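Below, each chain spelled out in residue letters.
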Amino acid sequence: MRFRGNTPFASAVGLVLALLCAVEAAKVNKHKPWIETTYHGIVTENDDKVLLDPPLIALDKDAPLRYAESFEVTLTEEGEICGFRIHGQNVPFEAVVLDKSTGEGVIRAKDKLDCELQKEHTFTIQAYDCGEGPDGANMKKSHKATVHIQVNDINEYSPVFKEKSYKATVIEGKKYDSILKVEAVDADCSFQFSQICNYEIVTPDVPFTIDKDGFIKNSEKLSYGKERMYKLTVTAYDCGKNRASEDVLVKISVKPTCKPSWQGFNKRIEYEPGTGSLALFPSIHLETCDEPITSIKASIELETNHIGKGCDRDTYSEKSLHKLCGATSGTVELLPAPSSSANWTVGLPTDNGHDSDQVFEFNGTQAIKVPEGMVSTSLKEPFTISVWMRHGPGAHEKETILCNSDKTEMNRHHYSLYVHNCRLILLLRQDPSEAENYKPAEFHWKLDQACDKEWHHYVLNVEFPTVSLFVDGTTFEPFLVTEDYPLHSSKISTQLTIGACWQDNSGHDNDTETVTEPTSGGNARMAQFFRGNLAGLMIRSGKLENKKVIDCLYTCKEGLDVQLPEEVSSAVKVEFNPNQSSLTVEGDDIDAFDKVMQHISYLNSRQFPTPGIRHLRISTNVKCFNEESCVTVPDAEGYVMVLQPEEPKISLSGIDHFARSAAEFESQEGVTLFPELRIVSTITREVEADAESEATEGADDDPTVQETVVSEEIMHNLDTCEVSVVGDELDGEHESLEVDMAQLQQHGLEMSSSNLGLVITGVNTMANYEQVLHLIHYKNWHTEALFDRKFKLVCSELNGRYISNDFKVEVNVIHTASPAEHANNAMVQPNFINPIHHASVDLSGHNLVNAHQASVVPSAATIVIVVCVSFLVFMIILGVFRIRAAHQRTMGDQENGKENEMDWDDSALTITVNPMETYEDQHSSEEEEEEEEESEDGEEEDDITSAESESSEDDEGGEPEDQQGANRQQQLEWDDSTLTY
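Every chain is numbered on its own, with residues counted from 1 as its sequence reads. Only residues with pLDDT of 70 or above have their local features reported here, since the model is predicted, and side-chain atom pairs are shown and tallied only from 80 upward, although totals for entire chains, interfaces and linings are computed over all residues. Side-chain numbers here rest on the full set of heavy atoms in the structure, without hydrogens or water.

Peer 1: Quick rundown of the sheet that holds strand 43 (residues 600-604)? Include the residues and the values.
Peer 2: A pair of strands is labelled paired if DSSP reports no fewer than 2 bridges between them. Here a helix means four or more residues in a row that DSSP labels H or I, a strand means two or more in a row labelled E, and each is numbered from the N terminus. Overall, antiparallel pairing links the three strands, which are arranged 20-43-40 in an open sheet. A single partner strand is all that each edge strand has here, and the edge strands are strand 20 (278-279) and strand 40 (558-562).

Peer 1: Before we move on, could you go through the packing of aromatic side chains and cite the residues and values that matter?
Peer 2: Think of a pair of aromatic rings as described by two things: how far the centres are apart, and how the planes are tilted against each other in angle. Only centres within 6.5 Å qualify two rings of Phe, Tyr or Trp (six-membered ring in Trp) as a pair; their planes then separate them into stacked at under 30 degrees, edge-to-face at over 60, and tilted for everything else. What the rule picks out here adds up to 11 aromatic pairs. A centroid spacing of 5.1 Å and a plane angle of 65° characterise the contact between Phe 608 and Tyr 802, whose relative ring orientation is edge-to-face. Of this pair, Phe 608 sits in the loop between strand 43 and strand 44 (612-624) while Tyr 802 sits in strand 58 (residues 802-803), and the two are 194 residues apart along the sequence. Each member of the pair Phe 608 and Tyr 802 is classed as buried. With centroids separated by 5.9 Å and ring planes inclined at 75°, the aromatic side chains of Phe 665 and Tyr 778 adopt a geometry described as edge-to-face. Here Phe 665 is found in helix 6 (residues 662-666), whereas its partner Tyr 778 is found in strand 56 (residues 777-780), with 113 residues between them in sequence. The classification of residues rests on relative accessible area computed with a 1.4 Å probe and restricted to protein chains. Under 20% of the type maximum is buried, over 50% is exposed, and intermediate values are partly exposed.

Peer 1: Now, about helix 4 (residues 547-554): what can you tell me, with residues and values included?
Peer 2: Among all positions of helix 4, only Val 549, Ile 550, Leu 553 and Tyr 554 are buried. Here the buried residues of helix 4 occupy an arc of 125° about the axis, which is enough to place them on one side. Contacts: residue pairs with any heavy atoms within 4.5 Å of one another. The secondary structure elements touched by the buried residues of helix 4 are helix 3 (318-324), strand 26 (383-390), strand 31 (455-463) and strand 32 (466-471). By definition, the arc is the one covered by directions from the helix axis to the C-beta atoms.

Peer 1: Quick rundown of the sheet that holds strand 53 (residues 735-738)? Include the residues and the values.
Peer 2: What the three strands build is an open sheet, ordered 49-56-53; its pairing is antiparallel. Single-partner strands in this sheet number two, and they are strand 49 (671-672) and strand 53. With four bridges joining them, strand 53 and strand 56 adopt antiparallel strand pairing. By the bridge assignment, Glu 735 is partnered in strand 56 with Asn 780.

Peer 1: Tell me what's going on with a nonpolar patch on the surface, and back it up with residues and numbers.
Peer 2: Residues with no salt bridge and a relative accessible area higher than 30% make up the patches, which join like charges within 9 Å and nonpolar side chains (Val, Leu, Ile, Met, Phe, Trp, Tyr) within 5 Å. The protein chains shown are the only cover counted for residues, whose accessible areas, like all others here, come from Shrake-Rupley with a 1.4 Å probe. Whenever Lys or Arg places a side-chain nitrogen within 4 Å of a carboxyl oxygen from Asp or Glu, that contact is recorded as a salt bridge. A contiguous nonpolar surface patch, about 290 Å² in accessible area, is contributed by Trp 34, Ile 57 and Leu 59. Of note, Leu 59 is situated in the loop between strand 3 (56-57) and strand 4 (83-87). Assessed through its relative accessible area of 46%, Leu 59 is described here as partly exposed.

Below, the structure is given as structure tokens:
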């Protein structure tokens, strides 16, 4: 078949044939799709569209054949990309083909993105064409391209401050570069929106500014008086101009200008006696105002100069204190407290401002003479002089403390102790000897203590030719010793004086009175008067070599103390002065220094301390790195108030009235005065009342009363008990008071006696004093004219600070008589015969003989019966007599005379029984007694009271010593040793 080339049919057939040939030639998918190797994208959080650079486009060289079609293998006339695949774990993106023919696609987020969780994402992507067949078995895929996508932030978060509030403290008058910093944060992920670009103080009109970094400073100097605290509201902005969700409060406190000082120091500190150690500064702190400190030194001073002799000490007598400290023998007290046995200090002025601490004042016109025989110490042997002295600068004249000089004529000074120009000088002239050579005569010590107006304790140990001086326990050597010839031999007696030197040119008799310097003319009997205060002047045989004894004599009972904590003991140094009235603390660590100061305490070991104020002062010196004082710390001053101790009440009790036979008074043992003496000391204190007791109180009681007074027995020492005679003085020829000296020495006590009584001294317990007082006997060798004797006992503690009651004892003498004397007694005292006779049992069967022959002691039962029945009958008769006196007023004078006869006089009691008395008289008397007993029941109490009242009226004007007469008849001991049954 032939076709013509230019016909239409021929052309169409040719085209079809060409296409068929081309298809057959290209049955295989030869080319892969092609994409870029790297893509960069940007997506905004909370959006899903990603902007890629370059755009996502895939190309395939097989297009437009069917093998370049999509995965659905659709036949088109144009070539297409079927899809993109993303590789990676948890990639929150997907790739989508927008135009298959051009191969254009996009990447978009599957869910909302959060920049704060992840700011960048990286993954790979491939493009796919369409393979042969509907299953795409022959599809081609491109290479893997890397995609970097950055998530852009949006300003979704506001700034938040790190703290809920801010606080700061500033010092007034100071301008700060920065007081404090506030800081806010933003949770946005981008730099722009996460940064705080600005802070702002919202509160208007405050003298503060804040910069972009949050630093607050004051724009002017602040004043504590104007405003003590500022409250500011501050906000923040991020760089996206978002304001903080919540503003913050800033508090700025203004303190006064910082002044270095001690903080937490209480000016008044109360000390209760008996509570032991008391912390003085438990909360103290040294404020240094942040200065760089290298060392601190503080001195704490406790001022006690106004208490006693420089501080609180036991106020026992100086002799007792020497014994307590171990100096027991040969001590003579030259300035004792005035008493009946030591009266030469009576006229000397005392410093009454001290609590029973015997301090004598010498004003330059007064001195005393010590009685002869008081000082038996031989000055040739070692001896000791000790004294308390307070002395000021004074004049440029000799001021004598102690002087022993010629009593008449020559006025030579044998030995003396005096002050001259702040020097203490001891003059000691030796007695005549074979060798008339120069010997040491004057010993000079130059002492600041002699003129500082403070109390000091001086002890001079003299062991010729050397003398040792201790001042407050510290040894001082003499700076000058002068020599002189011994004194010439003389028979002139010497006079020992205190406060001046005796220079007698008048020949007057010696006395023991205080001597005052003459104001004009005449021969001066005294010279070189002392001006100052003295106490405790003693001379003792032998030396006080034991340093502990010397320290004991002046050591204070109060002072400062400190218990160093272990953790700071090595960092801080503490030093005390000898009497612990001051201490020094040194260190370089403020915290350790504060801890030591907080452990400083006050201690008073006395049972009854002297009440009053003790001033405190803290002086501080602080140094900085330049080794100079950089901080000035003012002194801190306060005081310790020692409260009044609960004063003890010393009570003496026992038998205060009894009778003894004359034979006992004349016996070798005598009569025991205080056989049943009891010494008790009590204190009264106020305690809070119990709730139950308050509830039971009556409605009329004061509801404001919350305290109850209770009495409590305590134990303490005594230092003196004095037994004195009431009435006439003791006649040494026929009466005396005696005590067992062995018991006294065993208890370390001493006794001195005179015609006024006896005094027992020494510090000892109340129980030991009881034992000694039980052994005091009264003896009288001539009792014919003696009917009674009265004595008074008084005990005291702390040199008379606490004194007992006056315990008075009356002792009656029972006289015996001959038969003739019995008759006389019966005639003179008929009122006593009948009551006694009626009160006794029937004695008709007994033979009464001469009382002098009675030597048999009756049984105790007999004595009790006789005493009780006699007293009962006496009271009955006295009651009847008072009734009769009331009804017979017309016979008042006569009855009054009878009343006087009815007064009981047991001072010379004699019991006389008439054996010749008839039974009828007895019987009639008994009937009368029965009648009297019938009228007794309703009036017995009143009669007894009246009897006591009348008996008290007959006492000597109702004097206090006779107030015990009301109980006299109950305590009267019946002595019927003269009766014979």
